[in-house]
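# Reading the structure
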Amino acid sequence: MAIVQMAKFMIVSHRGEAGRLLEALQQAGICQILNADAAAISKEMKDLERGGEKPRDIEETLGQLARGVDFLKPYSKPARGLSAILAPRTVVDKRTYEQVTTDEAILQVAEQCSRTKSAIEKLKSEIDNLNSHLAELRPWEGLDVIIGELGQLKRTRCWLGFVPVQRFEQLKQDLVQAGAIIQSVGRAGTKKICVVVALKDAEEQTGKLLRSAEFDQAELNGVTGTVAEAMSETTGRLKKAEEALAGHRIQAESLTKHLLKLEILYDYYSNLLNREQTEKSAPATKQTIILEGWVRRKDFSLLEKIVGRFSASSLHKIAPAEDEQIPVEIENTNVIRPFEAITRLYGMPQHFNIDPTVFLAPFFIVFFAMCLADTGYGLLMVAIVGWIIVKMQGDKKLLWMLGICGISTMIFGAMTGGWFGDAIPQFIPALKPLREKLMLFDPLSNPVPFLVLSIGFGYFQINFGIVIAMVHDLKRRDFVAAACDRLTWLVMLNSLVLFGAGKFSLIDSHIGGIFGWIAIVPAVAILLFSHRQGGWGERLGMGFYNVFSSVFYLGDVLSYLRLMALGMTGAGLAMAVNIIAKLVMHIPYGIGIILMILILVGGHLFNLGMSALGAFVHTLRLQYVEFFPKFIIGGGRSFEPLNKQYKHIYIAGDEKAILKD
């Protein structure tokens, strides 16, 4: 329920067993290893070198496996449906995993995949070229001349090409006057397919006429015989290429039986690469590898046991360097842990700061419920999220959090009478007594309680954030900050509120006046001591700004009105769905009933999706923008231990690996 205490360590290991030690550390997944650039030892001992060159052979093997997997997937028959999307990784047992990772023949499959892929790509390119060549030849199919001889004429010049239909007759007349002739041999769209012949003496003049008539010259490169002969030869080559392509595709389909093995091997080499990169980037001497890093303080004894199994390695606990940024890990109870997703999404706090998860969790639960505020929608959320939790692989913290919010939504919906909007009075009036018995207030007929709840929760959360910061300052024995930066604001803000309450006769006006005078004291303290650096001119200037910024707290509190707005908007949309459904239900021949069901199901699912998204986003915003800045200093660096990760598979029984994912 806090930021985990970290310990810094240094392991000096002989190069001969450093690899096996790193494998054991990766399997345990308890420590973060620093590279040579980040390690403090590198700054103290400038002559240290890196562990070695990049493991390019492993990178190449991993790349080949990745290409093999990508190549085979389109030819395989993957599982389809929502279940496949939620659980995309294949579960394999340890025995299978070990058999595959020790079978070198699998790498030959990857090479075969590369060859097959290369052959298929080459054949596809050849087929495209042949089809393009056939398309060029097809307009000249009826031209029964030897194409190769046209370029060898001594006294005449011949052009093959296309002329726009509307310009053909004029061009024909112009060419006759120039001593040339043009013959149409067919038509291609809006153009005529033509052969133009002219004496060599008239070649230049004929060329000018052709260009002015937008003559598009055809290039029948490589054709020496007739066009028909060329088309026959090209068609034959195309058929052979297509047959070869089909054969390679069948071969690719046969290789898909090895797809899972390639995926297993990919995950194995991915972890191996991670391990090798860690070793090669660590500071080192000629004989040793120096592993400097961080471990959770509670895991240090486990680290000692692991290192103790290696005779040529030694472990030392060391002190962090001055101003060194300590990585941050948070740890909470099972109930609070799902809300760590909110903290991690925001970014880790500094190591000397506070884990906000336990503080945000109750507010998040309540605020989400107020935004959605419907028992029926909460029930649907719990059912949908529960099903996904059962089916889904991987990290489920966010889902558990939504499930808890769904339960709170059910409770708040019952308190405000929201059951799929006003579905009970509209369609099931027999349940009205139960609904009214559970209902504390109806926000549609009397929104004031909802308004007071929204403002009240906002005011309380902001004050709570300041109190958290003050208690943290006191724990750190920073009494000046606790008094000048926290207590002053608490006293002034609450005094101003009571002063305003007195003005509006919500409390006795004399008591309110007293609090007005009390508010002056913390205001003066903020003016003089809230900024404690620099000269008095700077201090007073910033102090005045800080006093003025008290108006921003009013904006912060008013921001919580969105809770009421979202709750009432969702309820209004749900009521609209019910009204439309009721209007169509009287259409005869059963059509009305079918339409009513479709409108109810579709409309409420749509409203649930949009309202739940809005509830999540705006509740998140209140935490990040209004609550966290009161007590959190962000910018912490996450603790990233060296561990095994799997992209394609789960290893059955390897619960540690599953949890790490």
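Quick notes on the rules
- Residues numbered from 1 in each chain as written.
- Predicted model: local features only at pLDDT ≥ 70, side-chain atom pairs only at ≥ 80, totals over all residues.
- Heavy atoms only, no water.
- Buried < 20%, exposed > 50% of the residue type's maximum accessible area, 1.4 Å probe, protein only.
- Helix = DSSP H or I, 4+ residues; strand = E, 2+ residues; numbered from the N terminus.
- Pairing = 2+ DSSP bridges.
- Core = buried A, V, L, I, M, F, W, Y, C linked by side-chain atoms within 4.5 Å.
- Contact = heavy atoms within 4.5 Å.
- pLDDT = per-residue confidence, 0-100.
- Axes fitted to C-alpha atoms, helices over the stretch in contact; angles between N-to-C directions.
- Parallel < 35°, antiparallel > 145°, perpendicular 65-115°, else oblique.
- Nonpolar A, V, L, I, M, F, W, Y, C, P; charged D, E, K, R; others polar.
- Phe/Tyr/Trp six-rings, centres within 6.5 Å; stacked < 30°, edge-to-face > 60°.
- Polar contact = N/O pair within 3.5 Å; in protein donor to acceptor, adjacent residues only side chain to side chain.
- Salt bridge = Lys/Arg side-chain N within 4 Å of Asp/Glu carboxyl O.

Here the focus is the pairing of strand S11 (residues 288-296). Two faces, one strand: in a regular strand the side chains alternate between the faces of the sheet. The buried fraction of S11 is high, at 9 of 9 residues. The pairing of strand S2 (residues 6-14) with S11 spans 9 bridges and is antiparallel. Looking at the pairing, Ala7 lines up with Val295 of S11. Two elements, strand S3 (residues 31-33) and S11, share 3 bridges in a ladder whose sense is antiparallel. Among the inter-strand pairings, Ile33 is bridged to a residue of S11, identified as Gly293.

Ile342, Phe364, Phe368, Phe616 and Phe631 are the most contacted members of the largest nonpolar core, which totals 58 residues. It is helix H14 (residues 357-372) that contributes the most residues to this core, 10 residues altogether. The residues contacting Ile342, other than those within four sequence positions of it, are Leu360, Phe364, Met401, Phe616, Leu620 and Tyr624. Among the nonpolar cores identified, the runner-up in size contains 49 residues, and Leu62, Ile106, Cys113 and Leu123 belong to it.

Here 4 strands make up an open sheet; going across it, the order is S7-S8-S6-S9 and the pairing antiparallel. Since the sheet does not close on itself, it has two edges, and those belong to strand S7 (180-188) and strand S9 (216-217), each with one partner. Taken together, the 8 bridges between S7 and strand S8 (residues 191-199) define a ladder with antiparallel strand orientation. When the bridges of S8 are listed, Ala188 appears paired with Lys191.

Take the confidence of the model for the chain next. Considering every residue of the chain, the mean pLDDT works out to 90; 98% of them sit at 70 or more. Averaged pLDDT values for the elements of the chain fall to 45 in helix H26 (residues 655-660) and rise to 96 in H14. Considering only residues more than four positions removed or in separate chains, one finds that residues 656-661, a stretch of pLDDT under 50, has 14 contacts.

This part covers unusual backbone geometry. A positive phi angle is found at Ala373, which is not glycine, with a value near 50 degrees. Looking at where Ala373 falls in the secondary structure, it is placed in the loop between H14 and helix H15 (375-391). One non-glycine residue, Phe420, lies in the positive phi region at around 50 degrees. Checked against the element boundaries, Phe420 lands in the loop between helix H16 (397-416) and helix H17 (423-427).

As a packed pair, helix H22 (residues 536-548) and helix H23 (residues 550-558) sit with axes 4 Å apart at the nearest point and diverge in direction by 30 degrees. Considering their axes alone, H22 and H23 lie roughly parallel with respect to each other. Of H23, the residues touching H22 (which contributes Tyr545, Asn546, Val547 and Phe548) are Ser550, Val551 and Phe552. Its residues placed into classes, the contact of H22 with H23 shows 5 nonpolar, 2 polar and no charged.

On to the packing of aromatic side chains, then. Any pair of aromatic rings gets described here by the distance separating the centres and the angle formed by the planes. Going through the model one piece at a time under the given rule, you end up with 27 aromatic pairs. Ring plane angle 90 degrees and centroid distance 5.3 Å describe the contact between Tyr268 and Tyr269, whose orientation is recorded as edge-to-face. Note on Tyr268: relative accessible area 27%, which makes it partly exposed. Residue classification places Tyr269 among the buried residues on the basis of a relative accessible area of 16%.

Another aspect to go through is the side chain of Ser313. Tracing the backbone through its elements, the reader meets Ser313 in strand S12 (residues 313-318). Within polar-contact distance, the side chain of Ser313 engages the side chain of Ser13 at 2.8 Å. Aside from chain neighbours lying at most four places away, what touches Ser313 is Ile11, Val12, Ser13, His14, Glu17, Leu21 and Val307.

Orientation of helix H5 (residues 94-101) relative to helix H11 (residues 259-281), taken along the N-to-C sense of each, is 80 degrees, at an axis distance of 9 Å. Between H5 and H11, the angle is such that the two are roughly perpendicular. Each of Thr96, Tyr97, Val100 and Thr101 in H5 lies in contact with H11, whose residues at this interface are Lys261, Ile264, Leu265 and Tyr268. Grouping the amino acids of the contact of H5 with H11 by side-chain chemistry returns 5 nonpolar, 2 polar and 1 charged.

According to the stated counting rule, one finds 18 salt bridges in the structure shown. Measuring nitrogen to oxygen at the nearest pair gives 3.5 Å for the salt bridge that ties Glu49 to Arg15. Taken as a pair, Glu49 in strand S4 (residues 49-50) and Arg15 in helix H1 (residues 15-28) lie far apart in primary sequence, 34 residues in all. Judged by its relative accessible area of 38%, Glu49 is partly exposed. Shared partners join several salt bridges into a network, and the residues in it are Arg296, Asp299, Glu329, Glu340 and Arg344.

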